[in-house]
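Now for the letters of each chain:
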Amino acid sequence: MSVVASIRDRIRKEIDKSLQEAQEKGELTFTRLPDYIVEAPREKAHGDFATNAAMLLAKEARTAPRAVAQVIVKHFDASWLDKIEIAGPGFINFYLGTNWLYEILPNVLREDGAFGCSNFGRGEKVQVEFVSANPTGLLHMGNARGAALGDTLSNVLQAAGFEVSKEFYINDAGNQIENFGKSLEARYLQQLGQDVVFPEDGYHGEDIIDTVKNIINEVGDKYLGEDASIRREHLAKRALQEKIVAIKNDLERFGVRYDVWFKESSLHESGAIKETMEELQQKGYIYEKEQALWFKTTLFGDEKDEVMIRSNGIPTYFAADIAYHRNKFARGFQRVINIWGADHHGHVARMKGAVKALDYDPERLRIILMQLVRLYQNGEILRMSKRSGQYITLTELMDEVGKDAARFFFVMRSPDSHLDFDMDLAKAESSENPVYYVQYAHARIYSILKTLRGSLPQPETVNFTLLKEEAELQLIRKIADLPEEIIGAAESLEPHRLTRYAHELASLFHTFYNSCRVLTDEDELRKARLLLADATRITLRNVLHMLGVTAPERM
RNA sequence: GCGCCCGUAGCUCAGUGGAUAGAGCGCUGGCCUCCGGAGCCAGGUGCGUAGGUUCGAUUCCUAUCGGGCGUACCA
């Protein structure tokens, strides 16, 4: 347990004990302990920790909040505290002095790369599925946001003690592949000089033409004489291979590596979809109407039932997705997290309903809806659509602004919030991106260590209590927060908290740097500050790595 | 029409059932003869509107206005 967590724990135990004693002595009457919090107050004048326990208990105990607080304080063993105080409407503030802060630095230095990690998740198996872009085109900004979010979230969960598996679901079957085949065929014939009309709802992207050219280089006009359906199948198969490799490479360059690439087609081939439909049928959720098989999703709150197997015998995407989720749970994942674009929100309730219909607890499925990315160029919104073929690709984005800036930027916002990505700004002022601010702090520390031209002192030989400046104490305090920050981000599935933390940490370091000279002539103080700087370096690096951003030694 | 998300500082966005709501950008003025000035310090009449719950609401609930998205035998 982290230092902060154990102090918080100790305060809680003391409060609980005080309340119990008060009740035994008849000083307070209540039936259950309130769900109070112990937090670090915003104002440091309000102490190191504070609780609202007295205010929450006031009503049930029929006692004024401050009076409840007085009773708690009376029984509270505060011998290990500097001061305990009742304040405002009934807060109890705890003042710890500074000694506890000095325990933190040696811990950080010892734990090094593992600092920030905890066993919060107790090794629970979690799967995170993200991006899962259609392999009919290149990755765009929306996919990039999903990639940054999903990868960072996975890292966060891992650091918080979960066993994480990252997965990409390849939609290599169904209607869109038919459509893909038609588009490829049209381009293929066009490239070979035939005057063919391109399908109206086909994939207009330039990249498909390139793909077709590549295929022609390999097989020439070999498919010309084939049956249309066979030809489309051949073209689609080859194109998919190329597209999937391209997607893999792009994501790898973006710093994202998956544990599993799962093909939708395998669900068709293995009979998993059929099995799933049979299970639903046995449970009485399936009926036939107009030659199609329907799932009674209205039983789970949907407005209308959904088609599983079309009248032409082909399963819908939803049917495959149900089979996919059944497969996920069968693989033993305790929790399954999906990151979807907000345009799929209508699918959430249905999917959870389907999970429930299969007798799994729908709470085990968490879906993070990510609002779409709005792209600005020349002050205008660019619409992104694979159909129209107009979109900025992940590759182009990385070429323009770099991987680090892009990843940091995408995670900086809450998934709930629209992301305005101004390409001009990103290009013109990339050096002012917040990521540089954080990286600069890291590089600065390296620069100090380089100037030192010697090895760092051993922590046990250093007197950390010499660090008394406000800037020093605040910096240590922020470092100490990392484990709980990570747990909080993992619990709430909100990786964007980390970018915030990184920025705050960097800011406190810069403040420290400007007000306290590290390489001072005073030997003992210099040693202590050097190790504070080094602990900051470790903390910054660990956070940046979780974000998939490099921690540079110089810039 | 119905459903989901979002309305917080000039702009882009954090945040919380509590004690004085924050950061970046932009703007203005300062700061190392010394460890990297890609930095630091200072400067602010802002929680869309109206009700409700609460000791306490920017946060929860209802209504309403505005923006985005969804509402296919598409995915």
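Conventions we followed
For every chain, the first residue of its written sequence is number 1, and the numbers climb from 1 along that sequence. Just so you know, chain letters begin at A and ligand numbers begin at 1, following the order they were written in. Thresholds applied to this predicted model are a pLDDT of at least 70 for local features of residues and 80 or more for the giving and counting of side-chain atom pairs; totals over whole chains, interfaces and linings are not thresholded and use all residues. Where side-chain values are given, they derive from all heavy atoms of the structure, hydrogens and water being excluded. Under the DSSP-based scheme used, a helix requires at least four consecutive residues in state H or I and a strand at least two consecutive residues in state E, with every element numbered from the N terminus. When accessible area is computed with a 1.4 Å probe and restricted to protein chains, residues below 20% of their type maximum are described as buried, those above 50% as exposed, and intermediate ones as partly exposed. By definition, residues are in contact when any of their heavy atoms lie within 4.5 Å. All accessibility values rest on the Shrake-Rupley procedure with a 1.4 Å probe; residue burial counts only the protein chains present in the view. As used throughout, the charge tally considers Lys and Arg to be positive and Asp and Glu to be negative, leaving His and the chain termini uncounted. Where a charge lies is defined by one atom per residue type, namely NZ (Lys), CZ (Arg), CG (Asp) and CD (Glu). For two strands to count as paired, DSSP must find a minimum of two bridges between them. Assignment of crossover handedness uses the view with strands pointing away from the viewer, where a clockwise path from the first strand over the helix to the second indicates a right-handed crossover. Note on definitions: salt bridges are taken to be side-chain nitrogens of Lys or Arg within 4 Å of carboxyl oxygens of Asp or Glu. Only buried residues count toward a nonpolar core, which is a set of Ala, Val, Leu, Ile, Met, Phe, Trp, Tyr and Cys residues joined through side-chain atoms within 4.5 Å. Domain extents, as shown, originate in an automatic or database domain assignment. In short, buried area is how much 1.4 Å probe accessible area vanishes from two parts on joining, totalled over both. Side-chain atoms alone can form a polar contact between residues adjacent in sequence; in general such a contact is a pair of N or O atoms within 3.5 Å, and within protein one must be able to donate a hydrogen while the other accepts it. By convention in these notes, a residue is near a molecule or strand provided one of its non-hydrogen atoms lies within 4 Å of it. The residue classification treats Ala, Val, Leu, Ile, Met, Phe, Trp, Tyr, Cys and Pro as nonpolar and Asp, Glu, Lys and Arg as charged. All others, Gly included, are polar.

Draft legend 1. Broad picture of the overall build of chain A. In terms of helices and strands, chain A carries 20 helices and 15 strands. Per-residue burial for chain A yields a buried fraction of 52% across its 555 residues. Residue pairs in contact within chain A that sit at least 24 positions apart in sequence constitute 73% of those at least 6 positions apart. Accessible area for chain A stands at about 26,100 Å²; split by element, carbon and sulfur atoms hold 46% of it. With 70 positive and 83 negative side-chain charges, chain A shows a separation of 2 Å between the mean positions of the two kinds.

Draft legend 2. Seen up close, the pairing of strand E11 (residues 335-341). The element E11 is largely enclosed, with a buried count of seven among its seven residues. Covered by surrounding structure in E11 are Arg335, Ile337, Ile339 and Gly341 together with Val336, Asn338 and Trp340, the residues of both alternating faces. Relative to E11, strand E5 (residues 125-129) runs parallel, the two sharing four bridges. Bridged to Glu129 within E11 is Asn338. For E11 and strand E12 (residues 365-370), the ladder comprises six bridges, and the chain directions are parallel. Residue pairing for E12: Asn338 is matched across the bridge by Ile367. With helix H12 (residues 346-357) bridging E11 and its parallel neighbour E12, the resulting β-α-β unit is right-handed.

Draft legend 3. Summary view of the pattern of salt bridges. One pass over the structure, following the stated rule, counts 32 salt bridges. Across the pair Glu185 and Arg231 runs a salt bridge whose closest N-O atoms are separated by 3.0 Å. With Glu185 in helix H6 (residues 175-191) and Arg231 in helix H8 (residues 228-253), this pair connects stretches of sequence that are 46 residues apart. Across the pair, exposure class does not vary: Glu185 and Arg231 are buried alike.

Draft legend 4. Molecular detail of the nonpolar core. Core analysis: the largest hydrophobic core is formed by 126 residues, its most contacted members being Leu157, Leu251, Leu397, Phe410, Phe421 and Ile479. Looking at this core, the element that brings in the most residues is helix H20 (residues 523-547), giving 12 residues. Aside from chain neighbours lying at most four places away, what touches Ile479 is Ile104, Leu105, Val108, Phe115, Tyr501, Leu505, Leu532, Ala535, Thr536 and Thr539. One finds Tyr285, Met308, Leu358 and Ile367 within the second-largest nonpolar core, a separate group that totals 30 residues.

Draft legend 5. Representation of the domain arrangement of chain A within the structure. The domain architecture assigned to chain A consists of domain 1 (3-97) and domain 2 (433-547). Distance between the C-alpha centres of domain 1 and domain 2: 32 Å. At the interface, seven residues of domain 1 touch six residues of domain 2. The junction of domain 1 with domain 2 conceals about 450 Å² of combined surface from both sides, 46% of it contributed by carbon and sulfur atoms. Three residues stand out in domain 1 for area buried against domain 2, namely Val4, Arg8 and Lys44, and they jointly supply 68% of the buried area on that side. The interface formed by domain 1 and domain 2 holds one salt bridge in total. The residue Glu484 makes a salt bridge to Arg8 at a minimum N-O spacing of 2.7 Å. Applying the counting criterion to the domain 1 and domain 2 interface returns one residue pair in polar contact (both at pLDDT 80 or more). Counting residues per element, the side of domain 1 that touches domain 2 draws most heavily on helix H1 (residues 3-24), at three residues.

Draft legend 6. Region of interest: the protein's contact with RNA strand B. Close to RNA strand B lie 55 residues, the nearest being Arg310, Arg413, Tyr437, Arg444 and Ser447. Each atom of RNA strand B within 4 Å of the protein was assigned to sugar, phosphate or base; sugar and phosphate come to 64%. Asp420 places a polar side-chain atom, nitrogen or oxygen, 3.4 Å from a phosphate oxygen of RNA strand B. Taken together, the elements giving at least two residues each to the surface near RNA strand B come down to helix H2 (53-61), strand E4 (91-95), H6, helix H16 (434-452) and helix H19 (496-515). The biggest single contributor to the surface near RNA strand B is H16, with eight residues. When its residues are assigned to classes, the surface near RNA strand B shows 20 nonpolar, 20 polar and 15 charged.

Draft legend 7. A look at the environment of Trp100. By the secondary structure assignment, Trp100 is in helix H4 (residues 99-111). Along the chain, Trp100 and Asp422 lie 322 residues apart, while their C-alpha atoms are 45 Å from each other.

Draft legend 8. Representation of the pairing of strand E9 (residues 292-295) in the model. Note that strand E8 (residues 286-289) and E9 share four bridges and pair antiparallel. Directly across from Lys289, in E9, lies its bridge partner Ala292. Linking two consecutive strands that pair antiparallel, namely E8 and E9, is a turn of two residues; a positive phi of about 50° is found at Glu290 within it. Of the pairings in the sheet, the one linking E9 to strand E10 (residues 306-309) comprises three bridges and is antiparallel in character.

Draft legend 9. Summary view of unusual backbone geometry. With a phi angle near 50°, Arg62 is a residue other than glycine that sits in the positive phi range. Structurally, Arg62 can be placed in the loop between H2 and helix H3 (65-75). Judged by its relative accessible area of 79%, Arg62 falls in the exposed class.

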